[in-house]
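# Topology and contacts: notes
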Amino acid sequence: MDFSNLECRHLVSPDYKNFVLSILIIFGILLSYLPQHIRIISLKSSFGISPYFVLLGTTSGTSALVNVVTQQQSLHDVACCKSINGVACFGGLLGIFQVATQWFCFVIILLLFVLYFPRATSPSSPTTSESSTRDGPTHKTALVVGGICILHALVMLIITAVFALQRPSQLQAWSNFSGVVAAILASIQYFPQIYTTVKLRCVGSLSIQMMCIQTPGSLVWAGSLAARLGPKGWSTWGVLIVTACLQGTLLMLAIFFEYFGPSKQQDHHHGKDLPPNGADEGADEHRDEQPSEETPLLQSH
């Protein structure tokens, strides 16, 4: 790819509004994932998080990172860094830093998911898992998900290096392909999680705060990348629009089950809330009153 006679004036004189917005988006990405990290660590469990959601999300993030790094505009901006100052170079690479930050935060979710995957046998508690059920994921499933994500990242890195060294003119086509793969994986990503949330009728270890921040934030981020990469970068910012719509759907389901769903009044609601008005104690007393082999035939009233 020929970068002779580079035009780097757009980096030397950047749009400062978009520059500040891009930096705020990076901090916003970090802050948006923080509630999810804290929730899993505080519960010491990744109950309620679908392993296929984690698998598709991580591989989608890896593909998106490859996509933005190999974009023609990104390569152009990297090449310009040789002839401009450090601040201007940093501004030109903010789009890459944004996607890399999101990828890194989701990799942390992957690590926490595997580390805190519940190994107990109760399917109704956030600190335990569905390992005892025939169709529930097991700890082995979590380990397989982690292995596939690592293997996928290595394959994407090798293929990108081969294109960069042997066929640099095909990098834009590889970038578009990676972006399409990222969009497809991101689109599919939310369906298993939506299914899991509906099946469990609770949010489990999912963070509603994270989704509240990310759903509108993804649309703002998409607009920022669209302004930076232009129409040719559709495969980069388009995936954010798709994920924002699907994540919004998951967010509405999570809010319903957490605050308005029927499981809010049931004591088996992932072990968090007890029924009101001492219903749990009444149930225990009722069980005590049931006749048994030791119950006398004549009881005084």
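Per-chain numbering applies: the sequence of each chain, read as written, is numbered from 1 onward. Given that this is a predicted model, residues contribute local features only at a pLDDT of at least 70 and side-chain atom pairs are listed and counted only at 80 or more, while totals for whole chains, interfaces and linings are drawn from all residues. The side-chain figures draw on all heavy atoms in the structure; neither hydrogens nor water molecules are used.

## Some words on helix 8 (residues 171-200)
With 30 residues, helix 8 extends 43 Å between its outermost C-alpha atoms, agreeing within 8% with the 44 Å of an ideal straight helix rising 1.5 Å per residue. Arg-201 sits one or two positions beyond helix 8 and adopts a positive phi of about 60 degrees. Strands here mean DSSP runs of E at least two residues long; helices mean DSSP runs of H or I at least four residues long; both are numbered from the N terminus. Working rule for helices: expected span equals 1.5 Å times residues minus one.

## Regarding the packing of helix 6 (residues 94-115) against helix 9 (residues 208-229)
A pair of packed helices is captured by two measures, namely the crossing angle of their axes and the spacing between those axes. Lines fitted to C-alpha atoms define the axes, with helix axes restricted to the stretch in contact, and inter-axis angles between N-to-C directions lie between 0 and 180 degrees. Between helix 6 and helix 9, the shortest axis-to-axis distance is 10 Å and the interhelical angle comes to 145 degrees. Handedness of the helix 6/helix 9 crossing: left-handed. Contacts between helix 6 and helix 9 involve Leu-94, Gly-95, Gln-98, Val-99 and Gln-102 from the former and Trp-221, Ser-224, Leu-225 and Arg-228 from the latter. For the contact of helix 6 with helix 9, the per-class residue count stands at four nonpolar, four polar and one charged. Left-handed describes a crossing whose near helix is turned anticlockwise from the far helix through less than a right angle; right-handed describes the clockwise counterpart. For this analysis, residues touch if any pair of their heavy atoms sits within 4.5 Å. Residues are grouped as follows: Ala, Val, Leu, Ile, Met, Phe, Trp, Tyr, Cys and Pro are nonpolar; Asp, Glu, Lys and Arg are charged; every other residue, Gly included, is polar.

## Looking at the layout of surface pockets
In this analysis the probe radius is 1.4 Å and the grid spacing 1 Å, with only protein atoms considered; a cavity is a set of points the probe fits into but cannot get out of, a pocket is an open set with protein on both sides within 12 Å along at least five of seven lines, and lining residues have an atom within 4 Å of a point. Grid points are joined across faces, edges and corners, and a volume is the space filled by probe spheres set on the points. Quantified by volume, the largest pocket comes out at close to 500 Å³. Taken together, 34 residues make up the lining of the largest pocket; nearest its centre are Tyr-33, Gln-102, Ser-218, Trp-221 and Leu-240. For the lining of the largest pocket, the secondary-structure elements that each account for two or more residues are helix 2 (16-43), helix 3 (51-69), helix 6, helix 8, helix 9 and helix 10 (234-260). Tallied by class, the residues present in the lining of the largest pocket amount to 19 nonpolar, 15 polar and no charged.

## Details of the UniProt feature "transmembrane region" (unreviewed entry) in the protein chain
UniProt positions are given in the numbering used here, feature names are shortened, and annotations may be inferred rather than shown by experiment. Those places that UniProt annotates as "transmembrane region" (unreviewed entry) correspond, in this numbering, to residues 16-34, 46-66, 100-120, 141-165, 171-191 and 234-257. For residues 46-66, helix accounts for 76% and strand for 0%, while the C-alpha atoms at its two ends are 28 Å apart. Across residues 171-191 one finds 100% helix and 0% strand; the C-alpha atoms that close the span lie 31 Å apart.

## A look at the side chain of Ser-74
With respect to the element layout, Ser-74 can be found in helix 4 (residues 72-80). Relative accessibility thresholds used throughout: buried, under 20% of the residue-type maximum; exposed, over 50%; partly exposed, between the two (1.4 Å probe, protein chains only). For Ser-74, a relative accessible area of 5% translates into the label buried. When neighbours within four sequence positions are excluded, Ser-74 is seen to be in contact with Val-68, Val-69, Ile-96 and Leu-229.

## A closer look at the nonpolar core
Grouping buried Ala, Val, Leu, Ile, Met, Phe, Trp, Tyr and Cys residues that are joined through side-chain atoms within 4.5 Å yields what is termed a nonpolar core. Ranked by internal contacts, the top residues of the largest apolar core, which has 49 residues, are Tyr-33, Ile-49, Val-54, Ile-84, Phe-113, Met-211 and Trp-221. Broken down by secondary-structure element, the contributors of at least two residues to this core are helix 2, helix 3, helix 5 (86-92), helix 6, helix 7 (139-166), helix 8, helix 9 and helix 10. Considering each element in turn, this core owes the most residues, nine residues, to helix 6. Those residues within four positions of Tyr-33 in sequence are excluded, and the remaining contacts are Gln-102, Cys-105, Phe-106, Ile-109, Met-210 and Gln-214.

## Some remarks on the confidence of the model for the protein chain
Chain-level pLDDT for the protein chain is 79 on average; 77% of the residues reach the 70-or-more range. Mean pLDDT across the secondary structure elements of the protein chain bottoms out at helix 11 (residues 279-288), with 45, and peaks at helix 7, with 95. Confidence of the predictor at the level of single residues is given by pLDDT, which spans 0 to 100. In this model residues 121-134 is a low-confidence stretch, pLDDT under 50, and it forms 37 contacts with partners more than four residues away in sequence or in other chains. In the predicted structure, residues 297-301 sits below a pLDDT of 50 and forms zero contacts with residues beyond four places in sequence or in another chain.

## Concerning helix 7
Spanning 28 residues, helix 7 covers 41 Å between terminal C-alpha atoms, matching the ideal 40 Å at 1.5 Å per step. Buried within helix 7 we find His-139, Ala-142, Val-145, Gly-146, Cys-149, His-152, Met-156 and Thr-160. Where the residues of helix 7 are buried, they touch helix 3, helix 6 and helix 8.

## Here's the deal with unusual backbone geometry
In this structure, Lys-44 is a non-glycine residue whose phi angle is positive, near 55 degrees. Structurally, Lys-44 is set in the loop between helix 2 and helix 3. Residue class for Lys-44 comes out exposed when judged on its relative accessible area of 59%. Despite not being glycine, Arg-201 shows a phi value in the positive range, around 60 degrees. Structurally, Arg-201 is set in the loop between helix 8 and helix 9.

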